[in-house]
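A structural walkthrough
Read off the chains here:
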Amino acid sequence: MNINKILNDITLINGDTKRIDCPECNGKKTFTITNNMGSIVWNCYKAGCTVSGGRRVHLSSDDIRKSLGKTVSETRGIPKFDKPEWLVRDTKAIAPYCSEWGLDADKLGLLYDVREHRVVFPVVHNGHTVDATGRSLGKRLPKWKRYGKNDLPYASGYGSVAVVVEDCVSAAVVGSHVYVGVAVLGTSLSETHKRYLSQFSTAIIALDPDALPKVLGMAKELRGYVSSVKVLRLTDDLKYRNDVDLTNLTNMIGE
Ligand SMILES: [Zn+2]
């Protein structure tokens, strides 16, 4: 497989994920390739096909500007998001929080809210920062703050399997080259959430075990949008990386 040729043939701006036929096994649209801040990652999801890899590419200044949300107004149909100036890159300020939860600030593009002392998770879709969610690092309320008006969920990772979780930290923890962690920030799904989730082949709902009736209702609701919907019975939030939960999650995909 020649990745250079693939990269030449497709346009992959920062934040983009493209799904194409696998050049190795010819699986129909099983090959995904993603550009996350210049980190190109590809993968085939067909059983038995092991093609995967990653490499870094140079980000143009345009890409960087886009990832910081300055050109969101170009995105059709999505409310414009003007990233407040006080959301800055400051890995030092958010380092204690990131190490507490094992988050890679650079990889996740995390920002720091200078004014309110928050760690900020940018909501990026199709290469555009469409919103941001900030977690208070001090006593300031609300604990979680949404900066814009966009209803798209915070998502992290690549792949065709969505793991629906409660908060951004869990989404960032579970997000990988296999899973896209999708934070719905609650136990109900909006129309936008459902439409967003419809792009995945499988959705695994991994929410607070105390909310099981709601979770089952959510699963039922989602079956009209995603062909395979599963419920992961958690012992704890995924952000705590409980071994049992992570093993159960892995087994779920193996089924
Ligand atoms: Zn393949």
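Remember, predicted model here, so these are calculated numbers, not experimental data. (Residues numbered from 1 in each chain as written. Predicted model: local features only at pLDDT ≥ 70, side-chain atom pairs only at ≥ 80, totals over all residues. Heavy atoms only, no water.)

1. Description of the nonpolar core
Leu103, Phe121, Val163, Leu197 and Ile205 are the most contacted members of the largest nonpolar core, which totals 52 residues. For this core, the element with the most residues is helix H5 (residues 168-174), which contributes 6 residues. When neighbours within four sequence positions are excluded, Leu103 is seen to be in contact with Tyr97, Cys98, Leu108, Leu110, Phe121, Val169, Ala172 and Val173. Ranked by size, the runner-up nonpolar core spans 13 residues in total, among them Ile6, Leu7, Ile33 and Cys44. (Core = buried A, V, L, I, M, F, W, Y, C linked by side-chain atoms within 4.5 Å. Buried < 20%, exposed > 50% of the residue type's maximum accessible area, 1.4 Å probe, protein only. Helix = DSSP H or I, 4+ residues; strand = E, 2+ residues; numbered from the N terminus. Contact = heavy atoms within 4.5 Å.)

2. Side note on the sheet that holds strand S10 (residues 154-157)
If you trace the 5 strands from one edge of the open sheet to the other, you get S10-S12-S11-S13-S14, paired in mixed fashion. Taken across any chain shown, the strands that pair with only one partner, and hence form the sheet edges, are S10 and strand S14 (228-231). For this sheet, the mean angle separating the axes of adjacent strands, direction not counted, is 20°. Across 5 bridges, the pairing between strand S11 (residues 161-165) and strand S12 (residues 179-183) is parallel. Looking at the pairing, Ala162 lines up with Val180 of S12. (Pairing = 2+ DSSP bridges. Axes fitted to C-alpha atoms, helices over the stretch in contact; angles between N-to-C directions.)

3. Section: the coordination of the zinc ion
At this site the zinc ion is bound by Cys22 (SG), Cys25 (SG), Cys44 (SG) and Cys49 (SG), with donor distances of 2.3 Å. Spacing between the donor residues of the zinc ion along their common chain follows C-x2-C-x18-C-x4-C. Here Cys22 is found in the loop between strand S1 (17-20) and strand S2 (31-36), whereas its partner Cys49 is found in the loop between strand S3 (39-44) and strand S4 (52-56), with 27 residues between them in sequence. Judged by its relative accessible area of 14%, Cys49 is buried. (Donors = N, O, S within 2.8 Å, 3.2 Å for Na, K, Ca; no water.)

4. Points about the layout of surface pockets
By volume, the largest pocket amounts to about 1,100 Å³. Together, 44 residues line the largest pocket, and Asn36, Ala155, Ser156, Gly157 and Tyr158 are the ones closest to its centre. Listing elements by their share of the lining of the largest pocket, those giving two or more residues are S1, S2, S3, helix H4 (105-108), strand S7 (118-125) and S10. For the lining of the largest pocket, the element with the most residues is S10, which contributes 4 residues. Here the residues of the lining of the largest pocket are counted per class, giving 17 nonpolar, 21 polar and 6 charged. Taken as a whole, the second largest pocket encloses approximately 190 Å³ of empty space. Taken together, Tyr97, Trp101, Arg135, Lys143, Trp144, Glu166, Asp167, Val169, Leu185, Gly186, Asp237 and Lys239 form the lining of the second largest pocket. Residue composition of the lining of the second largest pocket, by class: 5 nonpolar, 1 polar and 6 charged. (1 Å grid on protein atoms, 1.4 Å probe; cavity = no way out; pocket = protein on both sides within 12 Å on 5 of 7 lines; lining within 4 Å. Points joined across faces, edges and corners; volume = space filled by probe spheres on them. Nonpolar A, V, L, I, M, F, W, Y, C, P; charged D, E, K, R; others polar.)

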